[in-house]
Amino acid sequence: MIFDNKFIQQRIEKAKLLEEAGYNPYSNDSKRNTSIEKYLNVNSDIVETEEKRDENRHYIVSGRIKFLRVMGKASFVKIEDESGMLQVYVTRDNLPEGFYNTIFKKNIEVGDIIEVGGFPFVTGKGELSLHVDTLTLLTKAISPLPEKFHGVTDKEIRYRKRYLDLIMNAEVRKTFQTRSKVISLTRRFFEDKGFLEVETPMMHPIAGGANAKPFVTHHNALGIDRFLRIAPELYLKRLIVGGFEAVFEINRNFRNEGMDATHNPEFTSIEFYWAYKTYKDLIEITKEYFQYLFEHLDLPTMLPYGDMKVDFANFQEIPLIESLTTIGGVPADSCTSKEGIIAYLNSKNITVKPGMNLGQLQGELFDEFVEEKLIDPTFITEYPVEISPLARRSDTNPEITERFELFIAGREIANAFSELNDPIDQLSRFEGQMEAKDCGDDEAHEMDSDFVEALSYGMAPTAGQGIGIDRLVMLLTNEHSIRDVLLFPAMKPLANECQPEEEN
RNA sequence: GUCUUGUUAGCUCAGCUGGUAGAGCACGUCACUUUUAAUGAUGUGGCCGAUGGUUCGAAUCCAUCACAGGACACCA
């Protein structure tokens, strides 16, 4: 039984005693009239006064007990609500006869949620506090909190029981508040630009828009499998065909692949599509977007990330091939032919899968020698067409696409391009992907003829971009695991958690 | 998927080359009306992640498994 721990038993016993004495251990009769933050602000003037107190003011605040110091007939209690922590001073003689000794001291403890009323005063040590004249238990916590000084540090507990992490670690609350603000600001930024927020299906008949393995689920009524979406791209572009000129979606994608510090099976991205624009316009709006975020989050443009310092005012732009030599240090003549690249990679003790085409090999060089060196925000442009099945070819060089990826702190943050809107070209790109799939590339993009048909009705020239929100939040909060920016990261089930039998 | 480290009280952690389990916090009892991780006294608390093995004897050595962290691989 989950309550057989003796500390829990002890606390359940206290809850019973309270109930028997006429105090509901789960009362919902809250009369709170201010938050702790407001209380501290409104009464900060008391510190300057002669008396250090104002008995004519009266406030009711609520919160969870984080510290409890009982000293005979008086006690100091630190309570915390979402806005902050407040010290309250509880004395025997300011409470009803017997309450302090038989109820408060015996049955109320760290972890419980209480409500106190009283007047503001400043203690001898100069801390603005609340002098209590009424005290109500709102919620009895029957499980004890972790240790008050070290808190919970065990990552497994922190992720599996995020509520405990949030109770104990104020910085964690801050991180998720930042995450929320980033999403909210992102929404506002694009709305202000005239973009329309839309929702497209999470369950797809064909998992398209990216190269990734999907999760499969089953629709009973139709008797067919569906794929959890790996990207919303093809649906958003159908909307551009339909006549919407600027759309965005902030939502989850699901990819059935490995989990590590930068990958969670479900993750959040924003994708936006903008008709009558090109990837050049996207570079500009991306810079603007970052500026907007930093301004409204009140962050300095120079941010630490681990050992790195990232200058968010220093956006660079460089074509992929050029970056291989200037940043990656790859000799120029080892970048432009399959043989040259393979020879160079082999000389660095890197083996590549046989059958890779030139574009894939150039991508390999980039991943190997350039990516991790891109600290300040850098737009890498002019991606080879072979690794960009949904991007528009450059008008001047059909081997490359009008595409960029944005790298910050050695990590990909965004992917964008002028969209391919030629249905014939799109069809042949899909066919190329199908060939790759037949040759064993199980990551190759699926054929989506319905999407090709949509393009055949004409999609205005459009530019589109995806930004990984989780990784962006990691950058802004200096977190190095995606689990630290997800409230409930994916975890393997514990042995004692029952799970359905595997069936075929 | 591979390698590697970890798993001991509610939490944070000790525990040597194998000899039968420790601290701090928390909790119980007592004292204490201005404390700041309050303090002082005292006490309770453990299937040492699971299963096997070696041994007279295993928290400790070995094997397998589970979960977690890190690195690598894969995947944008």
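That block above? That's the structure.
The model shown is predicted, which means the values in this text are computed figures rather than measured ones.

Enquirer: How should I be thinking about the overall build of chain A in this particular structure?
Expert: A count of helices and strands for chain A gives 14 helices and 18 strands. In terms of overall size, chain A is more extended than a compact globule, its C-alpha atoms giving a radius of gyration of 29 Å where 504 residues would be expected to give roughly 23 Å. Overall, chain A is about 90 × 60 × 50 Å in size when its C-alpha atoms are taken along their principal axes. Per-residue burial over chain A gives 46% buried out of 504 residues. Long-range pairs, those at least 24 residues apart, make up 66% of the contacts in chain A with a sequence separation of at least 6. For chain A, the exposed area adds up to about 25700 Å²; of that, 50% sits on carbon and sulfur atoms. The averaged location of the 83 negative side-chain charges in chain A is 8 Å from the averaged location of its 57 positive side-chain charges.

Enquirer: Hey, could you run me through the protein's contact with RNA strand B in this one?
Expert: Neighbouring RNA strand B are 54 residues, the closest being Gln 10, Asp 93, Asn 211, Glu 257 and Arg 403. Each atom of RNA strand B within 4 Å of the protein belongs either to a base or to sugar and phosphate, the latter forming 56%. One of the side-chain N or O atoms of Gln 87 is found 2.7 Å from a base oxygen in RNA strand B. Between RNA strand B and the protein, one listed contact pairs a phosphate oxygen with a backbone N or O atom of Thr 153 at 3.3 Å. Elements supplying a minimum of two residues to the surface near RNA strand B: α1 (6-20), β1 (59-71), β2 (74-81), β3 (84-91), α4 (155-160), β16 (403-408) and β17 (411-418).

Enquirer: Where do I start with unusual backbone geometry in this structure?
Expert: Among all residues save glycine, negative phi is the norm, and among peptide bonds the norm is trans. A positive phi angle, close to 60°, is found at Lys 52, a residue other than glycine. Structurally, Lys 52 can be placed in the loop between α2 (36-42) and β1. Positive phi outside glycine occurs at Ala 409, with the angle close to 55°. A relative accessible area of 7% places Ala 409 in the buried class.

Enquirer: Quick question: what am I supposed to make of helix α12 (residues 423-438) here?
Expert: For the α-helix, the turn length of 3.6 residues means that residues three or four positions removed from each other point alike. Its 16 residues place the ends of α12 22 Å apart at the C-alpha level, agreeing with the 22 Å of an ideal helix rising 1.5 Å per residue. Listed as buried for α12 are Asp 425, Gln 426, Arg 429, Phe 430 and Gln 433. Looking straight down α12, one finds its buried side chains confined to an arc of 140°; they lie on one side. Exposed residues pointing more than 90 degrees away from the buried face of α12 are listed as Ile 424, Glu 435 and Asp 438. Contacts made by the buried residues of α12 are with α13 (449-456).

Enquirer: Honestly, the packing of aromatic side chains in this entry has me stumped. Any pointers?
Expert: Here a ring pair, both rings aromatic, is described through the centre-centre distance and the interplanar angle of the planes. Counted under the stated rule, the structure contains 23 aromatic pairs. Ring centres 5.3 Å apart and planes at 25° place the aromatic pair Tyr 100 and Phe 104 in the stacked group. Placement of the pair is Tyr 100 and Phe 104 together in helix α3 (residues 99-107), with a separation of four residues, close to one helical turn. Each member of the pair Tyr 100 and Phe 104 is classed as buried. Where Phe 190 meets Phe 248, the ring centres are 5.8 Å apart and the plane angle is 35°; that geometry is what we call tilted. Of this pair, Phe 190 sits in helix α6 (residues 170-192) while Phe 248 sits in strand β10 (residues 246-254), and the two are 58 residues apart along the sequence. When the ring centre of Tyr 235 is taken as reference, the NZ or CZ atom of Arg 238 above it lies at 4.6 Å. Cation over ring: Lys 277 sits above Trp 274, and NZ or CZ is 4.8 Å from the ring centre.

Enquirer: Please clarify how the sheet that holds strand β5 (residues 128-139) should be interpreted in this entry.
Expert: Backbone hydrogen bonds hold the strands of a sheet together, and the pairing may be parallel or antiparallel. Strand order in the closed barrel made by the five strands is β1-β2-β3-β5-β4, with mixed pairing throughout. Strand-to-strand twist of the sheet, defined as the mean angle between neighbouring strand axes without regard to direction, takes the value 55°. With eight bridges joining them, β2 and β3 adopt antiparallel strand pairing. Bridged to Lys 78 within β3 is Gln 87.

Thresholds applied
- Residues numbered from 1 in each chain as written.
- Chains lettered and ligands numbered in written order.
- Predicted model: local features only at pLDDT ≥ 70, side-chain atom pairs only at ≥ 80, totals over all residues.
- Heavy atoms only, no water.
- Helix = DSSP H or I, 4+ residues; strand = E, 2+ residues; numbered from the N terminus.
- Rg over C-alpha atoms; globule rule 2.2 N^0.38 Å.
- Buried < 20%, exposed > 50% of the residue type's maximum accessible area, 1.4 Å probe, protein only.
- Contact = heavy atoms within 4.5 Å.
- Areas by Shrake-Rupley, 256 points an atom, 1.4 Å probe, with all protein chains shown as cover.
- Lys, Arg positive; Asp, Glu negative; His and termini not counted.
- Charge placed at Lys NZ, Arg CZ, Asp CG, Glu CD.
- Near = heavy atom within 4 Å.
- Polar contact = N/O pair within 3.5 Å; in protein donor to acceptor, adjacent residues only side chain to side chain.
- Expected span 1.5 Å × (residues − 1).
- Arc of directions from axis to C-beta.
- Phe/Tyr/Trp six-rings, centres within 6.5 Å; stacked < 30°, edge-to-face > 60°.
- Lys NZ or Arg CZ within 6 Å of the ring centre and 35° of its normal.
- Pairing = 2+ DSSP bridges.
- Axes fitted to C-alpha atoms, helices over the stretch in contact; angles between N-to-C directions.

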